[in-house]
Amino acid sequence: RDGRPLALLPLGVVTRRAGTVAHWLGGSHGNFNFGVVERSAPALLTAPVLRALLIAAGRKAGVDAFLLTQMPYRWAGLDNPMARLGGIPSVERGYLGRLGPDAEALLKERLSTNARRKLGRQERRLADQGEIRFFRARTAAEVERLLDGYLSDKAGWFQRRGIADPFGRPGIRDFLVAAAQAGLSSDRPGIELYGYEVDGKLLAVLGGASEGRRFCSMFTGRTEGERARHSPGEELAVAVVADLCARGFE
């Protein structure tokens, strides 16, 4: 519009037997595909306009079809113009919740009395086994430690269940490390990593991405074994929520 871009769609192109297809980058690793959309774009990019633009772009790029999956209808209060093209609902509902400045009040509002008591019991049982430490990765070494712990636990989990490990493909670990270390010096990494350990033993890891005052959990994992009975993954999730509230996330 007037020489200004309205939307940037990060698409990759693959050639299949049926033809050349453009799709969102990330494949099955991407649950919410939106692109970068200017605030005025939804009012301008109606379904007929968008369809005409995609057809023109596809012809110019030699693309036979667009495969646009796993798109939210709305994001941060903004309608997704791509969703106007039709399709079928995703199997993933995409839950979100509001945060606030008072983490204790938030947990009291969201969790039942029994659930909060259970969390307290779990924490006490873990504390009986050693000092509890919750931390957010601030150094390159912490990034490597958390990701190696997560990937190792996940590899074992998949192997015991006879499932192919999606994180075992070449380049996945390198990508996660690079994304988690990029921007780390300015405390704005591409992927934020959190760890929960007891007596120096890493029990749970959570990774996510932040944008503005929004945080999206991307992956989480916990170790298996005796200590896993006390749900360190749940304890980590609660600690992450408290940390986000303290940092002003909404």
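Only a predicted model underlies this, so the values are computations on that prediction, with no experimental measurement involved.

Definitions and limits used
Residues numbered from 1 in each chain as written. Predicted model: local features only at pLDDT ≥ 70, side-chain atom pairs only at ≥ 80, totals over all residues. Heavy atoms only, no water. Helix = DSSP H or I, 4+ residues; strand = E, 2+ residues; numbered from the N terminus. Buried < 20%, exposed > 50% of the residue type's maximum accessible area, 1.4 Å probe, protein only. Contact = heavy atoms within 4.5 Å. Pairing = 2+ DSSP bridges. Axes fitted to C-alpha atoms, helices over the stretch in contact; angles between N-to-C directions. Salt bridge = Lys/Arg side-chain N within 4 Å of Asp/Glu carboxyl O. Phe/Tyr/Trp six-rings, centres within 6.5 Å; stacked < 30°, edge-to-face > 60°. Lys NZ or Arg CZ within 6 Å of the ring centre and 35° of its normal. Left-handed = near helix turned anticlockwise from the far one by under 90°. Nonpolar A, V, L, I, M, F, W, Y, C, P; charged D, E, K, R; others polar.

Novice: Lay out the overall build of the protein with the relevant residues and their values.
Specialist: The helix and strand inventory of the protein stands at 7 helices and 11 strands. Looking at the protein residue by residue over its 250 residues, the buried ones come to 34%. Contacts in the protein between residues at least 24 apart in sequence constitute 65% of all its contacts with a sequence separation of at least 6.

Novice: Report on the sheet that holds strand β5 (residues 65–67), specifying residues and quantitative values.
Specialist: The 3 strands are arranged β2-β3-β5 in an open sheet whose pairing can be described as mixed. Here the strands that pair on one side only, and so sit at the sheet edges, are β2 (11–16) and β5. Each neighbouring strand pair of the sheet contributes to a mean axis angle of 30°, computed without reference to strand direction. Bridging between β2 and strand β3 (residues 19–24) involves 6 bridges; their strand directions are antiparallel. In the sheet register, V13 faces β3, and the bridge partner there is A22.

Novice: I'd like a description of the pattern of salt bridges, backed by residues and values.
Specialist: Considering all chains together, one arrives at 13 salt bridges under this definition. As a salt-bridge pair, R136 and D187 come within 3.0 Å of each other at their nearest N and O atoms. Placement of R136 in strand β8 (residues 132–136) and of D187 in the loop between α6 (172–181) and β9 (192–198) is noted, with a sequence separation of 51 residues between them. With relative accessibility at 36%, the residue D187 sits in the partly exposed group. Among the salt bridges present, the one from E192 reaches R247, with a minimum N-O distance of 3.1 Å.

Novice: Before we move on, can you summarise the side chain of T20 with the specific residues and values?
Specialist: Tracing the backbone through its elements, the reader meets T20 in strand β3. For T20, the contacting residues outside a window of four places in its chain are V13, V14, T15, G62, V63, D64 and A65.

Novice: Describe in detail the packing of aromatic side chains, supporting the description with residues and values.
Specialist: Taken as a whole, this structure holds 6 aromatic pairs when the rule is applied. Ring geometry for F32 against W75: centres 6.0 Å apart, planes inclined by 40°, an arrangement best described as tilted. Here F32, found in the loop between β3 and β4 (36–37), pairs with W75, found in strand β6 (residues 74–75); they are 43 residues apart in sequence, far enough to count as distant. Residue F32 is classed as partly exposed on the basis of its relative accessible area, which comes to 42%. Note on Y150 and F167: the rings are 5.5 Å apart at their centroids and 85° apart in plane angle, and the pair reads as edge-to-face. Here the residue Y150 occupies a position in helix α5 (residues 140–160), and F167 occupies one in the loop between α5 and α6, the gap between them amounting to 17 residues. You'll find Y150 and F167 in the same group, each marked buried. What links up through ring pairs into an aromatic cluster is the set F134, Y194 and F215. It is K154 that lies over the ring of W157; its NZ or CZ is 5.3 Å from the centre. The residue whose ring lies beneath R214 is W75, and the NZ or CZ to ring-centre distance is 4.5 Å.

Novice: So, the sheet that holds strand β10 (residues 201–211): which residues are in play, and what are the values?
Specialist: Spatial strand order, β8-β9-β10-β11: 4 strands in an open sheet with antiparallel pairing. A strand with exactly one partner marks an edge of an open sheet, and here the two such strands are β8 and β11 (214–222). Each strand of the sheet is rotated relative to its neighbour by a mean of 15°, with strand direction disregarded. Here β10 runs beside β11; their pairing, made up of 8 bridges, is antiparallel. Note that in β11 the partner of E211 across the bridge is R214.

Novice: Account for the packing of α5 against α6, with residues named and values stated.
Specialist: The interhelical angle for the contact between α5 and α6, taken along N-to-C directions, is 145°, at an axis separation of 10 Å. Between α5 and α6 lies a crossing whose hand is right-handed. Residues A140, V143, E144, L147, D148 and L151 of α5 form the contact with α6, whose own contacting residues are R173, L176, V177, A180 and Q181. Taken together, the residues that form the contact of α5 with α6 break down as 7 nonpolar, 1 polar and 3 charged.

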